[in-house]
Amino acid sequence: MLCTSSLFSQSKASIIGNVRSNENENLVGVSISFDIHHQHYAVSTDTLGNFSTSIPFGDTKMIVNYLDYYQKTIYFNCKKDTVISIVLENDVSVLKEVVISSDKKKGITALSGGKLSFNLKDLTSVPTVLGTTDIIKLLQLTPGVQNSGDANGYLYVRGGDPGHNAILYDGTPIYGMSHLLGFFPFYNADHINKVEFDKSSSNAKYGGRLSSTTLLIPNKKIPSEFMIQGNLGILASQLTLAVPISKKTGLYLSGRKTYIDEIVAPFLNSGAKNNDVQDMKYGFSDGNISFMSQISKNNLLSIESFVSADVLKIKDPNLALDTQLKWSNFTISPALETTLSSKATMSNSFYFSQYSNELSMEQATIQFGVASYVKDFGFKNAIQYLIAGMPAESGLQYVHHDLQPQKINVENLTDVNNTFQSSKIKANEAAVFSTIKPKLTDNLSAELGLRINYYTSGSKDSYLHFQPRIVLNYAANDDYSFYASYNKQYQYLSLITTSSVGIPTDFWIASSNGIKPQSSHEFSIGSSQNISKSLVSSLGGFYRSMKDLLEYPYGITQFNETTTLKNDLLVGKGKAYGIEMMLRKSSKKFTGWLSYTLSWSDRNFEELNNGKTYFAKYDRRHNISLVGMYDFNAKWNFGVTQIFSSGNRFTMPTSWYFVNNNPVKEYSEYNNAQMPNYIRTDLSVNYFFLKTNKKESALNFSIYNTFNIDNPIYVVLNIQVNEDKNSVIVKQEKKVLYRILPSISWRFKF
């Protein structure tokens, strides 16, 4: 809509305006260009969606661009000062940003370079235990992401280790990754507006990981009216409040709590089999706070905070095991977004992030405890601007790391009654980055970035690294597009896994005392094709080489007082490569996708497997995911997920012999055995009592592992010796944490 008003005679006209979405939300950072008499002018919207500039009189071509929205082109003859109000529609068909959706929904957007964007409110039909969207499990349903199995909340992306993935909550790193080993959703999807997932971490703004970057973006829209929404279920409940304080100030509050111990645990224990984990008690709670205030026309203040706490107790009489495990997260980040001019915006933020865990265990007569933590104090600065009409971003970052990898207390292990081991690491990291997105030709565009990192943990452990990022996008026509990318990455903080299950006894360690940073090179290519109006396919491949990888072969603890982490850790290299495919279908009633990953991941450590290359424990040859969501009518919709993946690798003895009448195990190759294939089918049904844009009331019925498939989390080898001690019988016991699990929940929004 164009409105003109004559002010006074001048050689140039003043253009002011506002850009909103079709949901009446002001859009920040929209790129707007003007072409007049072969001259080019550019501007972007501020934190309120407003823009202003001056252009010469004459015939004008105005182009408005914003991610996930249709490009809008406006032609007019500029004769006077002009006020412009623009409404952008959601883009559901452009190839470069292909959307998996019905005509009314778009749950996943495929962006350039293999990146994905998730609109969580449109993915509520994907089955989950609590009837709410599970972000981590959604990512595991996409190509290049290996399913981690039960009792594991980690991500395994393109053959990387679980610690190679960065999860950023509004730019703040989260080091803890799961509730109940990945069983419950770790993040409250009601509090998060959008998720962006980059398998290659191709944006120079983000660093410190060899593999993927996941951005959790909370709602940045100041609430205009009070709103309450949540989910009430038999396993857990959650509540989110939108509270307007004034026209320019408001906040969002969210909280979740489980009561699985009181309701579900007795049911699970009564139906448990001999090979199931016995007498498990568990509880978690978490909360989110988002505060926003438009303190001036050009300044938006926000404060984001996240807190979580978990307690897990397990008793297994077969192993004489009594365990209590606690782990928690806390983050807080104040940020200020400032509009510097019509072409530049700046953001500054401070943050604090802490993750800690503590394990106390009693097995037979041995008692020991293990604790660790990681704390970050950081600052981030970024400036978005235009250079000759090309979007660009630059900034600087600093973070101080404070870590305690392991604090160990042991009793009754040897003749010495007590053993104590503790270590602390402090490190500093600074970085500058710059990214520019030029359009090289009509069909070819690029994303060029450079990140320069300086890291120090003492005079002998200082590193300066240059990390280039390159993405090329080529659109052949309206139906075909291609991309190619290269990334160089360094990682200074590493996650050390201590078990095949991925329990939160894993700890973080910083590069220090001779432990070098990990590094990687990654190459990837891909293509996307519009087969029909509602059917889209994608195909891609990747190759990643990694150096200075770390392996900790001692399980949960290493009790030798004289040892150090430097001596305990093994250093090696690895590579990963594979093919990723995805077929996406969308129509008025049905939305879904089929993804398949064929990949290899291997490691080489001189101290392991006689120096020969072996399969990584997360090497899973095949990974298939099928997702379907169907709107039967206005009252009913259905969802199904079907998962199949090859089993994890582990090391199993190949023979036994006797020494002094005692059986001794002998091993051949490292990771020489494989867990059973992982198979799981989940179903969900939603019945809506009420469904509008602002109000919703629905019952969710979900079944986790519908066909009650045994998916063991680990294998125990029991050795039985006959009476004359001349033969050994070995039996495998597959430990299963949970089986079929139905749930009912009520989802509401008022």
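Everything in this summary refers to the structure shown in the same document. Computed from a prediction, not measured in an experiment: that's the story for all the values here.

Calculation criteria
- By convention here, each chain's residues receive numbers from 1 onward along its written sequence.
- Totals for whole chains, interfaces and linings use every residue, but because this is a predicted model, local features are given only for residues with pLDDT of at least 70 and side-chain atom pairs only at 80 or more, for both listing and counting.
- Processing note: side-chain calculations cover all non-hydrogen atoms of the structure and skip hydrogens and water entirely.
- For helices the rule is a DSSP run of H or I covering at least 4 residues; for strands it is a run of E covering at least 2, with both sets numbered from the N terminus onward.
- Each residue's exposure class comes from its accessible area (1.4 Å probe, protein chains only) as a fraction of the maximum for that residue type: buried when under 20%, exposed when over 50%, partly exposed otherwise.
- Note on contacts: a residue pair qualifies if any of its non-hydrogen atoms lie within 4.5 Å across the two residues.
- With residues, only the protein chains shown are counted as cover, and all accessible areas are computed by Shrake-Rupley using a 1.4 Å probe.
- Any two strands between which DSSP finds at least two bridges are classified as paired.
- Think of each axis as a best-fit line through the C-alpha atoms, taken over the contacting stretch in the case of a helix, with angles from 0 to 180 degrees between the N-to-C directions.
- In what follows, salt bridge is the name for a side-chain nitrogen of Lys or Arg lying within 4 Å of a carboxyl oxygen of Asp or Glu.
- Residues enter a patch when their relative accessible area is above 30% and they make no salt bridge; the linking distance is 9 Å between like charges and 5 Å between nonpolar side chains (Val, Leu, Ile, Met, Phe, Trp, Tyr).
- Lys and Arg are tallied as positive, Asp and Glu as negative. Neither His nor the chain termini are counted.
- The location of each charge is read from NZ of Lys, CZ of Arg, CG of Asp or CD of Glu.
- Ring geometry is summarised as follows: Phe, Tyr and Trp rings, the Trp one being its six-membered ring, pair when their centres sit within 6.5 Å, and such pairs are stacked at plane angles under 30 degrees, edge-to-face over 60 and tilted between the two.

1. Concerning the overall build of the protein
For step 1, the next point in the chain: On a plain count of helices and strands, the protein comes out with four helices and 49 strands.
For step 2, the next point in the chain: Buried residues in the protein amount to 54% of all 750 residues.
For step 3, the next point in the chain: Within the protein, contacts between residues at least 6 apart in sequence are counted, and of these 63% link residues at least 24 apart.
For step 4, the next point in the chain: Approximately 32,200 Å² of the protein is accessible, and the part contributed by carbon and sulfur atoms is 57%.

2. Quick look at the sheet that holds strand E4 (residues 39-44)
For step 1, the next point in the chain: Read from one edge to the other, the open sheet built from four strands follows the order E4-E3-E6-E7, with strand pairing classed as antiparallel. Here the strands that pair on one side only, and so sit at the sheet edges, are E4 and strand E7 (72-78). Strand after strand, the sheet turns through a mean of 20° between neighbouring axes, direction not considered.
For step 2, the next point in the chain: Direction of pairing for strand E6 (residues 58-65) relative to E7: antiparallel, over a ladder of seven bridges.

3. Some thoughts on the pairing of strand E8 (residues 82-88)
For step 1, the next point in the chain: Burial of E8 is one-sided: the residues Thr82, Ile84, Ile86 and Leu88 facing one way are buried, the residues Val83, Ser85 and Val87 facing the other way are not.
For step 2, the next point in the chain: For strand E2 (residues 12-21) and E8, the ladder comprises seven bridges, and the chain directions are parallel. Bridging across to E8, glycine 17 finds its partner in isoleucine 84.

4. Points about unusual backbone geometry
For step 1, the next point in the chain: Positioned with a positive phi, asparagine 513 is a non-glycine residue whose angle comes to about 50°.
For step 2, the next point in the chain: Note that asparagine 513 resides in the loop between strand E33 (507-510) and strand E34 (518-530).
For step 3, the next point in the chain: Accessibility expressed as a relative area gives 60% for asparagine 513, which makes it exposed.
For step 4, the next point in the chain: Backbone geometry at asparagine 708 places phi at a positive 55°, although glycine is not the residue there.
For step 5, the next point in the chain: Among the secondary structure elements, asparagine 708 is positioned in the loop between strand E46 (696-704) and strand E47 (714-721).
For step 6, the next point in the chain: On the accessibility criterion, asparagine 708 (34% relative accessible area) is partly exposed.

5. Focus on the pattern of salt bridges
For step 1, the next point in the chain: Evaluation of the coordinates by the stated rule reveals 20 salt bridges.
For step 2, the next point in the chain: With a closest N to O distance of 3.0 Å, arginine 158 and glutamate 522 form a salt bridge. Taken together, the residues span a long stretch of sequence, with arginine 158 in the loop between strand E13 (156-157) and strand E14 (166-169) and glutamate 522 in strand E34 at a distance of 364 residues.
For step 3, the next point in the chain: Arginine 158 sits in the buried class, given a relative accessible area of 2%.
For step 4, the next point in the chain: Salt-bridge contacts for aspartate 682 lead to arginine 680; the nearest nitrogen and oxygen are separated by 2.9 Å.
For step 5, the next point in the chain: According to the relative accessible area criterion, aspartate 682 is buried, its value standing at 3%.
For step 6, the next point in the chain: One continuous salt-bridge network, built from bridges that share partners, spans Arg158, Lys199, Glu522, Arg544 and Glu580.

6. Focus on a positive patch on the surface
For step 1, the next point in the chain: On the surface, Lys281, Lys313, Lys315 and Lys326 cluster together into a positively charged patch.
For step 2, the next point in the chain: Assignment of secondary structure puts lysine 315 in strand E22 (residues 299-316).

7. Points about the packing of aromatic side chains
Centre distance and the angle of the planes are the two values used to describe a pair of aromatic rings.
For step 1, the next point in the chain: In this structure the tally under the stated criterion is 22 aromatic pairs.
For step 2, the next point in the chain: Judged by centre distance (6.1 Å) and plane angle (55°), the ring pair of phenylalanine 330 and phenylalanine 352 falls under tilted. Of this pair, phenylalanine 330 sits in strand E23 (residues 321-341) while phenylalanine 352 sits in strand E24 (residues 344-363), and the two are 22 residues apart along the sequence.
For step 3, the next point in the chain: Judged by its relative accessible area of 18%, phenylalanine 352 falls in the buried class.
For step 4, the next point in the chain: When the ring of tyrosine 455 is compared with that of tyrosine 492, the centres are 4.7 Å apart and the planes differ by 10°; the resulting orientation is stacked. With tyrosine 455 in strand E29 (residues 444-456) and tyrosine 492 in the loop between strand E31 (480-491) and strand E32 (493-496), this pair connects stretches of sequence that are 37 residues apart.

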